Amino acid sequence: MAEKLSITLPPEMVTTIKERVASGAYASTSEVLREAMRLWMRNEAEHKERLAAIRERVRISRADPRPAVPIDEAFDRLEAEFTGIAGTMPDE
């Protein structure tokens, strides 16, 4: 069952909504706001999925039985990798 809400929006948003309705892109202000809510809800769901994926990767990493690489060694490896890549780039 639909529920009627009263909201306050800044003038720029109201103008944009009215323009979109006047252009025929939407039939009403309610339609614009429903579309905005659908997009927001989809964005929130995708954000939740991304966080879950990141948390899973962290969990897997923390559970990795291989020994940790000391930070100095990690930076040395990165520097060696970067030097190798930079050495193969053409001169500008």
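Residues numbered from 1 in each chain as written. Predicted model: local features only at pLDDT ≥ 70, side-chain atom pairs only at ≥ 80, totals over all residues. Heavy atoms only, no water.

Considering the overall build of the protein
Helices and strands together make up the secondary structure of the protein, namely 3 helices and 0 strands. N-terminal to C-terminal, the α/β element order of the protein is α-α-α. Expected size for 92 residues packed as a compact globule is a radius of gyration near 12 Å; at 25 Å, the protein overshoots this value by more than 25%. Seen along its three principal axes, the alpha-carbon backbone of the protein occupies a region of about 60 × 45 × 20 Å. Every one of the 92 residues in the protein was classed for burial, and the buried ones make up 2%. Of the roughly 8800 Å² that the protein leaves accessible, carbon and sulfur atoms contribute 59%. Looking at charge distribution, the protein has the averaged site of its 14 positive side-chain charges lying 12 Å from that of its 17 negative ones. (Helix = DSSP H or I, 4+ residues; strand = E, 2+ residues; numbered from the N terminus. Rg over C-alpha atoms; globule rule 2.2 N^0.38 Å. Buried < 20%, exposed > 50% of the residue type's maximum accessible area, 1.4 Å probe, protein only. Areas by Shrake-Rupley, 256 points an atom, 1.4 Å probe, with all protein chains shown as cover. Lys, Arg positive; Asp, Glu negative; His and termini not counted. Charge placed at Lys NZ, Arg CZ, Asp CG, Glu CD.)

Observations concerning the pattern of salt bridges
This model, assessed by the stated rule, comprises 4 salt bridges. A salt bridge links Asp64 to Arg66; the shortest N-O distance between them is 2.4 Å. The exposure class of Arg66 is exposed, given its relative accessible area of 63%. Here Glu73 and Arg77 are joined by a salt bridge, their closest N and O atoms 2.6 Å apart. Of this pair, Glu73 and Arg77 both sit in helix α3 (residues 71-87), 4 residues apart, roughly one helical turn. (Salt bridge = Lys/Arg side-chain N within 4 Å of Asp/Glu carboxyl O.)

With respect to the confidence of the model for the protein
Taken residue by residue, the protein gives an average pLDDT of 91. The fraction at 70 or more is 92%. When mean pLDDT is compared element by element in the protein, helix α1 (residues 11-22) scores highest at 97, while α3 scores lowest at 86. (pLDDT = per-residue confidence, 0-100.)

Examining α1
Compared with the 16 Å implied by 1.5 Å per residue over 12 residues, the 16 Å span of α1 between its first and last C-alpha is a close match. Downstream of α1 by one or two residues, Gly24 has phi in the positive range, about 90 degrees. (Expected span 1.5 Å × (residues − 1).)

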